[in-house]
Amino acid sequence: AVLSPLGLRFGDSAVAEANATLAARAAGQPRSDSDCWHATGVLATAAPAGELLPMPLRGCGWALCNTPTIAFMVSSALHHPTCTRRIVFGQWLNQTHLAGVTWCNRGASAEGDGPSTAVVAASYIGALVTAIPIAVGGGKLSQRSPLLKPFARFAPYPAVALANFLGSACMRSSDATRGALTAARRS
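Figured I'd write up the structure that's included with this text.

**Some details on a nonpolar patch on the surface**
Logical step 1: Taken together, the side chains of Leu141, Leu147, Leu148, Phe151, Phe154 and Tyr157 present a nonpolar region at the surface, about 620 Å² in accessible area.
Logical step 2: Summarising the element assignment, phenylalanine 154 is placed in the loop between helix 5 (117-144) and helix 6 (156-171).

Encoded structure:
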């Protein structure tokens, strides 16, 4: 449910109601398990760190909001496979959105803090430094070889896949080494 696009419908009032439901249950007031599960789902989807996230930066909004970027990259690879500006812009846009989504939906480590700004910046730069050369090289290579020309439209995918993997792995490294909370801490 956290990644379902239906989570985009949750706004300030839904988050406030979910917080009120869980606070009331914690205070000993009767609330049904169903209401508590729903409240937990709303918070995990729309406000994992307690504050309402912008729609494009929610896990549930990633695919919908990144679709125009992916369409741009595929169209550019198909129609302008050697245009460095288009390739760089598409990869930059994609990695910037992914970094924003990963930052906003970061887990809290066992010590209660997410990745530092330095780790996020290094992950973002590493993803860009990985994605752009692979995409540019793939586009240019696909045009030099008649055998590879039909595969030009796929040139962005290896770049995106490797950069997303490396960026996410770096940004989530503290979760892997120190553990990640699976439930929000309630005071």
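The discussion continues.
**Considering empty space enclosed by the protein**
Logical step 1: Across all of its chains, the model carries two cavities of 30 Å³ or more by this definition.
Logical step 2: Reported here for the largest cavity is a volume of approximately 90 Å³.
Logical step 3: Lining the largest cavity are Met73, Ser76, Ala77, Pro81, Arg86, Ile87, Gln91, Ala135, Gly139, Ala155 and Pro156.
Logical step 4: For the lining of the largest cavity, the elements supplying multiple residues, two or more each, are helix 3 (62-79), helix 4 (84-104) and helix 5.
Logical step 5: Here the residues of the lining of the largest cavity sort into seven nonpolar, three polar and one charged.
Logical step 6: As a volume, the second largest cavity reaches approximately 60 Å³.
Logical step 7: Every residue lining the second largest cavity is listed: Gln95, Leu98, Ala99, Thr102, Ser123, Tyr124, Ala127, Gly167, Ser168 and Met171.

Definitions and limits used
Residues numbered from 1 in each chain as written. Predicted model: local features only at pLDDT ≥ 70, side-chain atom pairs only at ≥ 80, totals over all residues. Heavy atoms only, no water. Patch = residues over 30% accessible without salt bridge, like charges linked within 9 Å, V, L, I, M, F, W, Y side chains within 5 Å. Areas by Shrake-Rupley, 256 points an atom, 1.4 Å probe, with all protein chains shown as cover. Salt bridge = Lys/Arg side-chain N within 4 Å of Asp/Glu carboxyl O. Helix = DSSP H or I, 4+ residues; strand = E, 2+ residues; numbered from the N terminus. 1 Å grid on protein atoms, 1.4 Å probe; cavity = no way out; pocket = protein on both sides within 12 Å on 5 of 7 lines; lining within 4 Å. Points joined across faces, edges and corners; volume = space filled by probe spheres on them. Nonpolar A, V, L, I, M, F, W, Y, C, P; charged D, E, K, R; others polar.

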